[in-house]
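Summary of structural features
Listed below, chain by chain, are the residues.
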Protein chains: 2
Amino acid sequence: MLISSPMSKLDFWYEFASTYSYLSAMRIEDMARNADVEVRWRPFLLGPFFKAQGWATSPFKEQVEKGRYMVRDMERICAVRELPFQMPDPFPQNGLYAARLALIGEDEGWAGRFSRLVFKEQFAGNLQLDDKTGLGDCLSAIGLDASSLMTRIETPEIKKRLRTQTDDAQALGLFGAPTFLCEDGEMFWGDDRLEQALDWQRSETNPAA
Amino acid sequence: MLISSPMSKLDFWYEFASTYSYLSAMRIEDMARNADVEVRWRPFLLGPFFKAQGWATSPFKEQVEKGRYMVRDMERICAVRELPFQMPDPFPQNGLYAARLALIGEDEGWAGRFSRLVFKEQFAGNLQLDDKTGLGDCLSAIGLDASSLMTRIETPEIKKRLRTQTDDAQALGLFGAPTFLCEDGEMFWGDDRLEQALDWQRSETNPAA
């Protein structure tokens, strides 16, 4: 009889305003389950990374052609995956409040459910990420106490924790989202590397797999 | 009996200094053949694109973390594909002469053979792309008249043609390499989109495929 070992883990670093993070958020749990890997949801903010590069905003705005291509790339991929997709207006949205909420969700086990709903509402329903009422509706929709949680994200403790998490992302060498970090530190960037990341994490934990 | 139609074409826009262009150059002909698609080799220079963004050089140098990740990503992919890989020193190399030669090769039908050899020598043998003797050796190795060709790339005609080709790339909305352009204008960017590009081109030409 095999004794089950602690579950292998993959860190999923994501930003709520990021289109490609949406792609990964919508499929990572199912794929990870099939690979016997546990997902750790790690929301952070990309804004400080852009500023550090001297950019005012997302590279998809700084580079017009790249931004136009990204929209088309998203449309094609979402069509194949049967995911709704429309670009939020304005883009990028401000993911600050959603990220603070997801941090609480990390502790309480609802980060995945909440994040998927927020992504879907943003990219299919035009939820404004800085709309506290809209975020509260997302919390209520998954059975959480919206008013209590919306108060908690204004506490210095949660604010500091998101700053620390974003600093950690920079210290780890991240430069974009989504980024997948295996337990041995191996890094994979972009939704199109999710399969590779899961393969890597699975074979690290169980070389015979 | 089926009457064969003119072969479906995919434009492969590449830059000799680009690591991900190397990946595509080494596999595109075999993949295209299987998809009944003809490859048109379209060398161009990325330097003017970087300048237009206000960057002094490649984004892989401008963004240190992204550059470090790219090397690791290349190492992993090349290991799976059994391709040799080491980063050229310095990086990025100057692809000017190689691109001019490949333009002549477009007309004469040897752009693919020449480009693959130059990529391989650069990323496995440390060929310096501005080394005219080394480039001449590549031409000789595939049975071409190196001294005559090395003279031709100094003519105003070829110099202008590469500038025009690079201007065309900008006019088409390219922003990086490799980029694949289907006959209907659909654009795919990055080696990891090559399969999608070939699928698109094939189904455009023959919707029943």
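Worth saying up front: this structure is predicted, and the values here are computed from it rather than measured.

The rules behind each value
Along every chain, residues carry numbers that run from 1 in the direction the sequence is written. Numbering of ligands from 1 and lettering of chains from A proceed in the order in which they are written. Where local features are concerned, this predicted model is filtered to residues with pLDDT of at least 70; where side-chain atom pairs are given and counted, the filter is 80 or more; whole-chain, interface and lining totals use all residues. Hydrogen atoms and water are omitted, and side-chain values are computed over all heavy atoms in the structure. Working rule for contacts: check all heavy atoms of both residues, and any pair within 4.5 Å makes them a contact. What counts as a salt bridge is simple: a side-chain nitrogen of Lys or Arg found within 4 Å of a carboxyl oxygen of Asp or Glu. Two N or O atoms count as a polar contact when they lie within 3.5 Å, although within protein this holds only if one can serve as hydrogen donor and the other as acceptor, and sequence-adjacent residues are included solely when both atoms are side-chain atoms. Only DSSP runs of H or I covering at least 4 residues are called helices, and only runs of E covering at least 2 are called strands; the numbering of each starts at the N terminus. Being paired, for any two strands, means DSSP has found at least two bridges between them. Inter-axis angles, ranging from 0 to 180 degrees, are taken between N-to-C directions of lines fitted to C-alpha atoms, where helices are fitted over the stretch in contact. Geometric relationships in this document are graded by angle, where less than 35 degrees denotes roughly parallel, more than 145 denotes roughly antiparallel, 65 to 115 denotes roughly perpendicular, and other angles denote oblique. Fitting of the copies onto one another was done by least squares over C-alpha atoms, counting residues only where both copies have pLDDT of at least 70.

**Some details on the interface of chain A and chain B**
The partner chain B presents 23 residues to the 23 residues of chain A that form the contact. At the boundary of chain A and chain B, one finds eight salt bridges. Between B:Arg193 and A:Asp192 there is a salt bridge, with its nearest N and O atoms 2.8 Å apart. At the junction of chain A and chain B, the tally comes to 12 residue pairs in polar contact (both at pLDDT 80 or more). Listed by contribution, the elements that provide at least two residues to the side of chain A that touches chain B are helix H5 (64-81), strand S4 (187-189) and helix H11 (194-205) of chain A.

**Considerations on the sheet that holds strand S1 (residues 8-14) of chain B**
All names here are of chain B. Spatially, the four strands line up as an open sheet ordered S2-S1-S3-S4, and their pairing is mixed. What marks the edges here is a single partner per strand, and that holds for strand S2 (37-43) and strand S4 (187-189). Taken over all neighbouring pairs, the strand axes of this sheet differ in orientation by 20° on average, direction set aside. Direction of pairing for S1 relative to strand S3 (residues 179-182): antiparallel, over a ladder of four bridges. Pairing of Phe12 across the sheet is with Phe180, part of S3. The sheet contacts of helix H7 (residues 111-125) involve S1 and S2, and relative to S2 the element is tilted by about 60°.

**Remarks on the sheet that holds S4(A)**
Residues and elements named next belong to chain A. Read across the open sheet, the four strands follow the order S2-S1-S3-S4; overall the sheet is mixed. With partners counted over all chains shown, the strands left at the sheet margins are strand S2 (37-43) and S4, one partner each. On average, adjacent strands in this sheet sit at an angle of 20° to one another, irrespective of strand direction. Where strand S3 (residues 179-182) lies against S4, three bridges are found, and the strand directions are antiparallel. Bridge pairing in S4 links Leu181 to Met187. Here helix H6 (residues 96-108) sits on the sheet in contact with strand S1 (8-14) and S2, set at roughly 145° to S2.

**Some remarks on the packing of H6(A) against helix H7 (residues 111-125) of chain A**
All names here are of chain A. Where H6 meets H7, the closest approach of the two axes is 8 Å, and the angle between their N-to-C directions is 155°. With respect to their mutual orientation, H6 and H7 come out roughly antiparallel. The residues of H7 that touch H6, namely those facing Ala98, Leu101, Ala102, Gly105 and Glu106, are Ala111, Phe114, Ser115 and Val118.

**Looking at the relation of the copies chain A and chain B**
In screw terms, the move from chain A to chain B is a rotation of 180° and a rise of 0.0 Å along the axis, fitting with an RMSD of 0.0 Å. Both copies are brought into coincidence by an operation consistent with a two-fold rotation axis. Of the C-alpha atoms belonging to chain A, the one lying closest to the rotation axis is found on A:Asp192, 3.8 Å away. An overlap of 100% is found between the interface residues of chain A and their copies at the interface of chain B, pointing to a shared contact surface.

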